[in-house]
Every structure is written in C-alpha cells, then in structure tokens.
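Results of the structural survey
Listed below are the residues making up each chain.
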Amino acid sequence: MSSDQLQIPQEGWVRCGDRSNPELELSLAKAVESWKQSGVMPDNEPTRVSEISTAIARQSFSTSPERLEMLRSLCQIYSAGIRAGKITSHRPLVGPAIVFSKKILFRAVAALLGPSFERQREFNAGVIRLLGDLCNEDRQR
C-alpha cells in the first residue's frame, strides 16, 4: 500500500515536543490500515476512538499545582483490575505443576471478576472527571 492511499486524520496529529513527526504518523497509519485489512481491528474503530473525549474539562482547565498533582496521581491509579505478581514455587519437583495450576486458576478468576472491575473503572473515571470539574469551577470563581 502506498503512502498516498493511507488516510492520515490531520496534519501534525503526532507531536514530539513542539514538532510534528510525519514518519511516526505514517508508520501508525500503516499499522492501523494493516490491522483493519487483517480483521484484527474493526473498520469503524478509528472513528469510534476519535469520538471518545478524555478531556477533564469542557473548555479551559485551571487549578492549583497541588490539586493538579492529586488529579494526576488519581489518573495513574484509576484503572482497577486484577494483576498477578510473578507466580513462583520453591519446590523443585512439583513446583512447575503448582505454578501452572496457579496461573490457570488466576486466569479463571480474572475472567469471572473482570466485568465487575470494568464498572469500577467507569466509576473511577467519573469521579476523576467530577473532581477535575470541581477544581476548575473553584478556580474560576
């Protein structure tokens, strides 16, 4: 596929520092196009993702540095989920079987509990948006 056939969303949509990065833009556009052609990504996925707003405020956002840092830390930890540490065993003979069993059990439990954690993530994201809006509102007064 030639680069003129790819539809890059807009000029300068990937920025490194203050400069756009056309090479990275083209590389990402090629990857997305190949994912769509191979069926890994639905055709409408780029459009769906582009319509998702991750903004914490509707227009400008202004708050104190302390509140901004608190919001940043919330954003870093908001994604609740089940994360496994490294599963090991100190037993030399039966250890590999124990580790294998624990990994299978962990995957089963994670699959069963996953939907409830999705609701928690939605709640956490809503709380962060609300706190950001309240911080911004307080600053505007």
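Residues numbered from 1 in each chain as written. Predicted model: local features only at pLDDT ≥ 70, side-chain atom pairs only at ≥ 80, totals over all residues. Heavy atoms only, no water.

Digging into the overall build of the protein
Along its length, the protein carries 4 helices and 2 strands. In the protein, the order of α-helices and β-strands from amino to carboxyl end is β-β-α-α-α-α. In the protein, which comprises 141 residues, the proportion classed as buried is 13%. In the protein, the proportion of contacts linking residues at least 24 apart, taken out of those at least 6 apart, comes to 56%. As presented, the protein carries roughly 11400 Å² of accessible surface, and 55% of it is formed by carbon and sulfur atoms. (Helix = DSSP H or I, 4+ residues; strand = E, 2+ residues; numbered from the N terminus. Buried < 20%, exposed > 50% of the residue type's maximum accessible area, 1.4 Å probe, protein only. Contact = heavy atoms within 4.5 Å. Areas by Shrake-Rupley, 256 points an atom, 1.4 Å probe, with all protein chains shown as cover.)

Focus: the confidence of the model for the protein
With 83% of its residues at a pLDDT of 70 or more, the protein shows a mean pLDDT of 78. At the low end of the mean pLDDT range in the protein sits strand β1 (residues 15-16), at 71; at the high end sits helix α1 (residues 22-38), at 88. (pLDDT = per-residue confidence, 0-100.)

Structural notes on the environment of Thr63
Checked against the element boundaries, Thr63 lands in the loop between α2 (45-50) and α3 (65-77). Residue classification places Thr63 among the buried residues on the basis of a relative accessible area of 14%. On a C-alpha basis, the gap between Thr63 and Asp133 in space is 9.7 Å, while along the polypeptide they are 70 residues apart.

So, a nonpolar patch on the surface
A contiguous nonpolar surface patch, about 620 Å² in accessible area, is contributed by Leu74, Ile77, Phe123, Val127, Leu130, Leu131 and Leu134. For the nonpolar patch, the elements supplying multiple residues, two or more each, are α3 and α4 (95-140). It is α4 that contributes the most residues to the nonpolar patch, 5 residues altogether. In this structure, Leu74 sits in helix α3. (Patch = residues over 30% accessible without salt bridge, like charges linked within 9 Å, V, L, I, M, F, W, Y side chains within 5 Å. Salt bridge = Lys/Arg side-chain N within 4 Å of Asp/Glu carboxyl O.)

Considerations on the pattern of salt bridges
It is possible for side chains bearing opposite charge to pair when their charged atoms get close. Going through the model one piece at a time under the given rule, you end up with 2 salt bridges. The salt bridge partner of Lys36 is Glu33, with a shortest N-O separation of 3.8 Å. Of this pair, Lys36 and Glu33 both sit in helix α1, 3 residues apart, which is roughly one turn of that helix. The class of Lys36 is partly exposed, set by a relative accessible area of 22%. The residue Glu45 makes a salt bridge to Arg48 at a minimum N-O spacing of 2.7 Å. Within this pair, Glu45 and its partner Arg48 are both found in helix α2, separated by 3 residues, close to a single helical turn. Classification of Arg48 by relative accessible area gives partly exposed; the value is 43%.

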